[in-house]
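Summary of structural features
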Amino acid sequence: MRNVWIIAKRELSAYFSTPLAYVFIVIFLAGTGAVTFFIGDFFGRGQADLQSFFSFHPWLFLVLIPAIGMRLWAEERKTGTIELLMTLPVTTGEAVVGKFVAAWLFTGIALGLTFPIWISVNYLGDPDNGVIFASYVGSMLMAGALLALASCISALTRNQVIAFVIGAAASFLFLMSGLDLVLGLFRGWAPAYVLEMVASMSFLVHFQTISEGVLPIPAIIFFLSMITVCLFINAQIVELKKAS
Amino acid sequence: MSDLIEVESLSKRFGAIVAVDDVSFSVARGVVMGFLGPNGAGKSTTMRVITGYLPPTSGTARVLGHDIQKEPVEVKRRIGFLPEGAPLYGDMTVYSFLEFIAAIRQLHGPKRRQRILYSIERMGLEQVLYQRVETLSKGFKRRVGFAQAILHDPDVLILDEPTDGLDPNQKHHVRELIRELGKDKAIIISTHILEEVDAVCDRAVIIDRGRVVSNGTPAELHARSKFHNSVVLRVRTDAAPKAAKILRAITHVASVDTGAPQGGHVSLSVVPRDGRFIADEVGIAVRQNGIEVDEMHTESGKLDEVFRQMTVDREQILVARR
């Protein structure tokens with residue numbers, strides 16, 4: 001556990017030592033603001049809730065989360081520091097989790113900085129803060145699952161651009177897997193239970209159930225197990241790829 | 001348990017390629033072992049296996065009795081490792097990088113501070129402490145890599161080409177450091193600079209295409225050279241043919257090689273049979289025949305020649321096959 005935290009601290013400071021962190025935070029905040037007020041029509045809806053804010057999170061994450069995750073392992077492999085890291089007295093698991101925690105904390109910081117919109121809606125009306133809290137939790141969990149996926153893909157390549165593009169594509173598939181766009185790929189040839197399984201993997205659906213404010217346990221378990229599985233695969237990939 | 005590093009029939013295969021083939025050696029405390037071989041001979045791979053970065057395909061290695069496969073973290077804790085090219089986190093400052101290493105090496109409190117200060121002072125990093133690593137020169141980066149490796153005062157140091165890319169002063173400094181650290185540690189350095197073997201190593205292991213082809217002291221290596229104990233004379237160019245004829249007649253002389261003329265002089269290498277000591281005989285012959293000699297010395301042997309002899313140039317083999 002100690003090592004996880006030491007690695008996470010180093011990674012987190014690495015984000016802030018490059019312009020990436022600031023660029024990301026500014027774009028994320030500007031992006032959430034823009035979609036909430038213009039596309040989501042925050043004022044026009046005349047309702048004291050943050051639905052127009054949260055409903056666009058999956059689409060922002062689609063582009064922004066792979067951008068955070070892409071450097072996690074690709075950069076280590078490109079600069080050769082992976083040889084340094086993996087010969088320090090840490091296990092592969094600790095390194096994988098440490099890096100993931102750093103990226104997740106960073107996302108948490110960006111998400112936390114959207115607090116003015118929460119203050120605004122409370123100033124303007126009387127929203128259900130329980131729902132808002134649940135939505136933040138859901139958003140955080142979804143970001144975590146997408147990050148674990150991005151981290152996993154980052155371990156496959158030493159090229160950050162490739163990691164980003166494949167990460168974004170994979171995120172898109174997981175987000176949309178409940179919709180016809182993705183299900184259509186399987187319909188016709190795959191048995192019904194496969195279809196059902198693919199449909200149940202949809203990040204979008206799980207995120208929506210959480211942000212309805214009832215904090216459904218299955219959705220939380222879904223995201224947490226998604227994180228666990230991705231990080232487990234991530235560690236295997238790191239082990240395998242060291243040799244090449 | 002005098003051997004801190006024990007490598008036992010270690011092999012590493014990457015698919016069909018055999019990078020390390022049944023390599024065995026051991027290194028005791030107080031010994032600096034030079035690990036030599038042409039590029040791609042398997043030096044780095046062997047080091048990566050010992051440091052626990054790569055798992056061996058077969059065989060094993062032990063560091064202070066801990067098996068690299070059964071207790072990888074215990075092994076890593078006892079090793080200081082400078083990977084090839086000294087990769088570092090470029091986005092960190094030198095000081096924060098050393099702090100990170102100290103934390104992960106479980107150094108706490110005053111001990112942490114003391115070790116960090118020691119490494120900084122040892123490697124002369126005072127003036128760059130708060131610079132980002134990526135802005136440093138190659139020499140400084142290497143020194144940061146070194147500082148990182150000695151930070152926790154490990155019993156075992158593994159240095160992959162520690163002097164590669166350094167200027168002569170820095171090389172000298174690093175060699176001095178290795179010699180000093182080598183007094184109470186077991187050290188493996190890989191290199192393809194042969195003078196380094198004479199300068200710092202107590203033992204030299206040569207590997208070629210993944211196999212150990214020689215394991216001995218530098219003196220033993222020198223003795224393998226055909227120029228071992230040969231006598232080199234510098235004479236005037238016009239006197240050279242006559243002198244060579246006289247020298248060739250001495251018993252135990254295998255051959256006399258004439259070098260390229262330089263400023264009216266030429267050097268003659270008198271090569272003995274079976275590495276015999278022939279300086280006395282050569283001296284007598286020179287005096288008796290009145291050969292004018294500018295300079296005369298005995299060679300201990302040419303390491304680069306021994307190296308070439310043992311690690312046959314692969315390209316030559318390929319050319320020969322065609």
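Reference entry: report on the structure contained in this document. Bear in mind the structure is a predicted one, so any value in this text is a computation, not a measurement. (Residues numbered from 1 in each chain as written. Chains lettered and ligands numbered in written order. Predicted model: local features only at pLDDT ≥ 70, side-chain atom pairs only at ≥ 80, totals over all residues. Heavy atoms only, no water.)

1. Brief notes about the overall build of chain A
Summing up its helical and strand segments, chain A has 15 helices and 0 strands in all. For 244 residues, the compact-globule estimate of 2.2 N^0.38 gives 18 Å, and chain A sits close to it at 19 Å. A principal-axis box enclosing the C-alpha atoms of chain A has dimensions of 60 × 50 × 30 Å. Every one of the 244 residues in chain A was classed for burial, and the buried ones make up 52%. (Helix = DSSP H or I, 4+ residues; strand = E, 2+ residues; numbered from the N terminus. Rg over C-alpha atoms; globule rule 2.2 N^0.38 Å. Buried < 20%, exposed > 50% of the residue type's maximum accessible area, 1.4 Å probe, protein only.)

2. Re the overall build of chain B
The secondary structure content of chain B amounts to 12 helices and 14 strands. With respect to the principal axes defined by its C-alpha atoms, chain B has extents near 75 × 45 × 45 Å. Within chain B, contacts between residues separated by at least 24 positions form 69% of all contacts whose residues are at least 6 apart in sequence. Taken as a whole, chain B presents about 14,700 Å² of accessible surface, with 48% of it coming from carbon and sulfur. Here chain B contributes 44 positive and 42 negative side-chain charges, whose respective centroids are spaced 3 Å apart. (Contact = heavy atoms within 4.5 Å. Areas by Shrake-Rupley, 256 points an atom, 1.4 Å probe, with all protein chains shown as cover. Lys, Arg positive; Asp, Glu negative; His and termini not counted. Charge placed at Lys NZ, Arg CZ, Asp CG, Glu CD.)

3. A word on the nonpolar core
Nonpolar side chains tend toward joint burial in soluble globular proteins. Judged by nonpolar contacts, the single largest core of 158 residues is most densely connected at B:Phe25 and B:Ile50. If one sorts the elements of this core by residue count, helix 10 (residues 129–154) of chain A sits on top with 12 residues. Ignoring any residue separated from it by four or fewer positions in sequence, one finds B:Phe25 in contact with B:Ile5, B:Glu6, B:Val7, B:Met33, B:Phe35, B:Thr46, B:Ile50, B:Ile188, B:Arg203, B:Val205 and B:Asn215. (Core = buried A, V, L, I, M, F, W, Y, C linked by side-chain atoms within 4.5 Å.)

4. Brief notes about the sheet that holds strand 8 (residues 186–191) of chain B
Residue and element names in this part refer to chain B. The strand order 6-7-8-3-9-10 describes an open sheet built from 6 strands, whose pairing is mixed. Lying at the two open borders of the sheet, with one neighbouring strand each, are strand 6 (79–82) and strand 10 (211–216). On average, adjacent strands in this sheet sit at an angle of 15° to one another, irrespective of strand direction. By the bridge criterion, 5 bridges tie strand 9 (residues 203–208) to strand 10 in an arrangement that is antiparallel. (Pairing = 2+ DSSP bridges. Axes fitted to C-alpha atoms, helices over the stretch in contact; angles between N-to-C directions.)

5. What about the interface of chain B and chain A?
At the junction of the two partners, chain B supplies 26 residues and chain A supplies 23 residues. Carbon and sulfur atoms supply 62% of the area buried between chain B and chain A, which totals about 2,500 Å² over both sides. It is B:Tyr53, B:Tyr89 and B:Ile104 that lose the most area in chain B upon contact with chain A, and together they represent 31% of the buried surface on that side. The tally of links from chain B across to chain A stands at 2 salt bridges. Put simply, A:Glu83 and B:Arg48 hold a salt bridge, and the shortest N to O gap is 2.9 Å. (Buried area = accessible area lost by both parts, 1.4 Å probe. Salt bridge = Lys/Arg side-chain N within 4 Å of Asp/Glu carboxyl O.)

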